[in-house]
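So the chains spell out like this:
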Amino acid sequence: MTRIALTVNGSRCEADVEPRQLLVYFLRDQLGLKGTNVGCDTTSCGACTVLVDGESVKSCTVFAVQADGCEVTTVEGLAQGDELHPVQQAFHEQHALQCGYCTPGFVMATISLLKENPNPSEVEIRDGLEGNLCRCTGYHNIVKAVQAAARAGA
Amino acid sequence: MENLALEGALTVTFVRSLFAHANIVDVDATAAEALPNVQVLTAADMDLGVFGPPPFPGVNPGMGRPLLAVDRVRFVGDIIAIVISDDRATGADAAELVSVDYDPLPAVVSPYEAAKDEVLLFPEVGTNVAARFGSPEHDEKLFGGCDVAVSGTLVSQRMAPCPLEPRSAAAELGPDGRITAWLSTQTPHQDRMVLAGTLGLDPAQVRVVGPDVGGGFGAKMLNVEEVLVVWLARRLGRPVRWTETRSESMVALPHGRAARLEFTLGGMRDGKVLAYRLEVLQDCGAYAVLGAFLPNLTGLMASGVYAIPRIEFESRSVVTNTTPISAFRGAGRPEASQVIERAIDTFAAELGMDPAEVRRRNFIPADAFPHTTASHAVYDSGDYEGALELALRSVGYDELRDEQRHRREQAATTQLGIGISCYVEITNGIAESEFGEVEITPDGGAIVRTGSFSHGQGHETTFAMIAAERLGLPVEKVTVHKGDTDEIAKGTGTYGSKSTQIGGAAARLAADDVLELAKQLVADYLEASPADIVLDPAVGRLHVAGDPSIGISWADLASRASADERLAELKAEHEFQAAPTFPFGAHVAVVEVDTETGRVELRRLVAVDDAGTLINPLIAEGQVHGGIATGVAQALYENFVYDDDGNPLTGTFVGYAFPSSADLPSWEAVEMETPTPLNALGAKGIGESGTIGATPAVHNAVVDALTPFGVRNVDLPANGENVWRALREAKA
C-alpha cells in the first residue's frame, strides 16, 4: 500500500492505495464517486475522462499513485448546488445524451477542449473529442452541445 | 448498474475459453483457490440444463448452450469455470491461475465451410445447420420474360453491438427465499420468466430490477452470464455481482449481422422489376440463439419498398466456432434492405438508368395500402415515392449529379459518389402486446407504469407526454416507472422498435381509463352524471359540461379522494396489442473517394425517416441520429474478424473500428409523418430506421463513385482497403 494525498473536487483527501490501483477505481470504489464510468480496457472510449490539474485524462490509464499531489475534478465537482455547469446544461438542452453512460466523459473532455480552444469549429470539435466514444447519439447533438456551450462562454 | 450498493457482495469472474474449438481435458484450480477466499466452480459443480435455443419454430433444439461448457468449448469466450472472490482484482488474478488443459479440435469459422458439415460443432446432431426457412424449391420460370437479370453477393459483415456500458448483473437471496436480480437488461419481465424456467423456480420467487442501463441495441437480452449470477447467489447464499470488461464483452456479448446474401434480380429494359431471388446463409455463431431465426425477418422484408411480382426466398442458418449471433439494431431487416438496395443499383447500372428512376418505376404506390408483398408482409401505410422525392430535393440531387459529371470529365483523383437507399422495415414484428398502468398520485399528478423498458430511448419523457396530454396535466407532473417486476405487473421490454407504438399506446389507453374513472368520482362529488363531466385539458380540470364553474382540478380531486380513501379508484391498467407497422424512408449519401488510395470520406447524409406520428420530435430525431451512425459504421468501418483458427482479431476497442466523432459528419434529418392506422397514436417505431436506411445509401454511394472504373461492388465495410481492392480487381 502507498499513501497518497490529493484534492478531489476541491476536498483534500488522503488514502492508502495499492500501487496497481487505477485512478478510476480509486475514485469509484474508494471515494464513492460513481459518475466516472468505465467503458473499455484499452484507453479507447473516454467514459472515464476526468480532469487532473485542469487537463483531461482517461482515469483508467492513470494509476492512483500518479495523482498524488494533484487536483482531480470529476463530473460530481462541476455543478454549483442545483445549477449545472454550462457544459452540462448545454448537453441537457441539446439532447446530447441518450443512455448517458458516455456523458460524464464527454462533458469533462469538452471542458478541457473549450479551455484550450474557446471557439472551436465543427471539425475542431469532432477532432477534439475523438478520444470519446458514444453508441447512442451519432455525435450529432454532442457537437451541437459543444457549440452551444462555447457560445455560452463555458 | 455497477453503482448498485450491495453490501458484502462477492465478485464473479468467468474463465473463458482461449480456443475456438477444443475438448476440455482438465481444469486445475489449485493455484487459483490458494488465493484468499477464492472458490472455483466448473460444470461438474452444477446441475443446470442448457440455455436456449429460443422456442422458435424451425430452429434445431439440439444446439442450445450449456450454462458452463461441458467437455467441449465452441468459441473463444465460452465459459469454462467461475471464480468467486471478495473483489475484482483478486478475481482477475485467480482467473489467470485457473489452468485449463485443452485438446484442440479443428475450428470452422466460415459459414460457407460450416455448411459442408465436415467439422461438426454438435456431432450428436449430425449437421451444422441450425435452421432453414423459405423454400428450397426453385421455380425455373422465375425469371421468365425478363430482358435482364443481374446477380451478386452481399456480405452483411459481423458486428459487435458495443453498448458503452458493458453488461453487469447482481443477485441477492432475500430472507424470504425470493431472489432479486439487478440486470443491465432490456427485458426485465421476460428475464424473470427465463430465469425462473432455467433455474426451476416459481416466477413469483424471482424479482428482476433493471436500473439505469447504458445502452442495449438488442444485445442485452438475458444470456448465460445472468443466469449463472442468479444461480450463484442462491447456491452461495451471499449476494454476488459481475461486470464484464470490454474485452470480455467483445467476445461474450452476442454479435449481430453475419449473413451472406446472394441475389438475382430480373426485369425489363424499361426498369420494371419482375422477379427476385434471395438466398441467405446466416452464421449463427457457436450456438443456435436468436440469430438462427433472424433470416425469417430478412425473408419477410425481402421485397423492400418495391412491387415485385415474383419472389423466391431461401435461408440456412449454420453454427460456427464464433461468438453467437443475436439481435443487433435492425436484427434481420438491415440485411434485407442492404441486399435489395444493392440489387436495385446493380440492375440500374446494367440498364444504364439513373438509380432514382429505377426506384420510381417500381415503388408500391402510396394509394396501394395496406399492401401484401410477394414475400408475405402486410404493409400498413407508406409513401415511398414521397420519401424519395423529399430526400432528393433536400440533398440537391440534380446539382450533385452535375458535379459528379464534372469530376468524371476532369478525371479527378477524388471522385464523387451519390447513393440512394429506399427502405421499409417492420416494428413490433411479432404483433406483441404491452402493459401500461396509470395512477393518480395524492398531489394530483400521475404515475405511468410501463412494461416497456428504457435504456436511453427516453420513454420517461415520451410516455409522460402521452399521459399528460390525455389527462390535461403538465408533463412535469407525470412520472414514468419501469423495470421492476415487483412494481410493474407485466411487460415484454424494449426491442424491435416497438415501445411507443404498443407501450405508449397502452399508457394512453390506461390514461383514458383513469379519466373515465375520474369522471365517475367527480360525478359523485358534484352529484352529476358521469356522462356530463368533461375534462378541460388546457387547465387539467374536470367540470360539468357547459358550466366550467362547477368542477374540480386534479389536485383538488386527488386531495379529496385521499381524504375519503377513494384515491385507489383513480388507477387503471391496460394491455394493448396490435399488428406490426412498417416505418419507411429514403436516405441519400454523398461520398468522396480517393481513387488512388481508396480513402472514403462521407460528406453528407440526408435522411427522410417516416415513423408515423412523432410524439417527441427531439427524441425521435436522436434515435435517427444514433441509428444512422450505426448504419454508417457498418457501411464504412466496423467488421468483427476472426482468423482461420477462430481467434478474434478485433476483440478490443483498439482493433474494432467503432467510429468516433472525427469519422462522421453531422446528419441532415428530414421529418416526414405518415400515420399508421394501427394504434391511436399513429406511431410506428423509429429506433432502428436510421441504421436500416443508412448502410445501403453509403454503400451505394461508394460503388457509384467507382462506376467509371468498372467497379460493380465493394465489400462491406467499404473502407480504404476494400475500395482499393475493388479498384485493383476492376483494372485486372
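Bear in mind the structure is a predicted one, so any value in this text is a computation, not a measurement. (Residues numbered from 1 in each chain as written. Chains lettered and ligands numbered in written order. Predicted model: local features only at pLDDT ≥ 70, side-chain atom pairs only at ≥ 80, totals over all residues. Heavy atoms only, no water.)

## Digging into the nonpolar core
Okay, so step 1: Membership of the largest hydrophobic core comes to 83 residues, with the highest contact counts inside it found for L265, Y276, Y379 and Y384 of chain B.
Okay, so step 2: With eight residues, the single largest contributor to this core is helix 9 (residues 333-351) of chain B.
Okay, so step 3: The contacts of L265 of chain B, once residues within four sequence positions are left out, are F143, V148, A149, V150, V273, A275, Y276, I340, A343, I344 and F347 of chain B.
Okay, so step 4: A90 and C136 of chain A together with F640 and V698 of chain B belong to the second-largest nonpolar core, a separate cluster that totals 78 residues. (Core = buried A, V, L, I, M, F, W, Y, C linked by side-chain atoms within 4.5 Å. Buried < 20%, exposed > 50% of the residue type's maximum accessible area, 1.4 Å probe, protein only. Helix = DSSP H or I, 4+ residues; strand = E, 2+ residues; numbered from the N terminus. Contact = heavy atoms within 4.5 Å.)

## Observations regarding the domain arrangement of chain B
Residues and elements named next belong to chain B.
Okay, so step 1: By the assigned domains, chain B splits into domain 1 (10-105 + 167-243), domain 2 (106-160 + 255-362), domain 3 (384-427 + 583-732) and domain 4 (433-577).
Okay, so step 2: Each of domain 2 and domain 3 has a C-alpha centre, and these two points are 19 Å apart.
Okay, so step 3: Counting residues at the interface gives 39 residues for domain 2, matched by 43 residues for domain 3.
Okay, so step 4: Around 3,300 Å² of area is buried between domain 2 and domain 3 when both sides are counted, 55% of it from carbon and sulfur atoms.
Okay, so step 5: On the surface where domain 2 and domain 3 come into contact, there are four salt bridges.
Okay, so step 6: Between E350 and R712 there is a salt bridge, with the nearest N and O atoms lying 3.4 Å from each other.
Okay, so step 7: Viewed at the interface, domain 3 and domain 2 are joined by 24 residue pairs in polar contact (both at pLDDT 80 or more).
Okay, so step 8: Those elements that provide at least two residues to the side of domain 2 that touches domain 3 are strand 10 (148-156), helix 8 (295-300), helix 9 and helix 10 (355-360). (Domains from an automatic or database assignment. Buried area = accessible area lost by both parts, 1.4 Å probe. Salt bridge = Lys/Arg side-chain N within 4 Å of Asp/Glu carboxyl O. Polar contact = N/O pair within 3.5 Å; in protein donor to acceptor, adjacent residues only side chain to side chain.)

## Description of the domain arrangement of chain A
All names here are of chain A.
Okay, so step 1: By domain assignment, chain A separates into domain 1 (2-74) and domain 2 (86-151).
Okay, so step 2: Inter-centroid distance (C-alpha atoms) of domain 1 to domain 2 is 21 Å.
Okay, so step 3: Taken residue by residue, the interface counts 17 residues in domain 1 and 12 residues in domain 2.
Okay, so step 4: Here domain 1 and domain 2 share an interface that buries about 1,100 Å² over both sides, 53% of which is from carbon and sulfur atoms.
Okay, so step 5: Scanning the region where domain 1 abuts domain 2 turns up zero salt bridges.
Okay, so step 6: Mapped onto the side of domain 1 that touches domain 2, the elements with two or more residues apiece are strand 3 (49-52) and strand 4 (55-58).
Okay, so step 7: Of the residues contributing to the side of domain 1 that touches domain 2, the split by class is five nonpolar, 10 polar and two charged. (Nonpolar A, V, L, I, M, F, W, Y, C, P; charged D, E, K, R; others polar.)

## Describing the interface of chain A and chain B
It is common to give the size of an interface as the accessible area lost on bringing the parts into contact.
Okay, so step 1: Each side of the interface is counted separately: chain A has 33 residues, and chain B has 44 residues.
Okay, so step 2: Regarding the contact of chain A and chain B, the summed buried area is about 3,100 Å², with carbon and sulfur atoms giving 53% of it.
Okay, so step 3: Counting the surface chain A buries against chain B, the share from its top three residues, R126, R135 and H140 of chain A, is 25%.
Okay, so step 4: Our count for the contact surface shared by chain A and chain B stands at four salt bridges.
Okay, so step 5: Residues R135 of chain A and E638 of chain B are paired through a salt bridge, measuring 2.6 Å at the closest nitrogen-oxygen approach.
Okay, so step 6: Breaking the side of chain A that touches chain B down by element, the ones donating at least two residues are helix 1 (23-30), helix 4 (122-128) and helix 5 (140-151) of chain A.
Okay, so step 7: Classifying every residue of the side of chain A that touches chain B gives 13 nonpolar, 10 polar and 10 charged.

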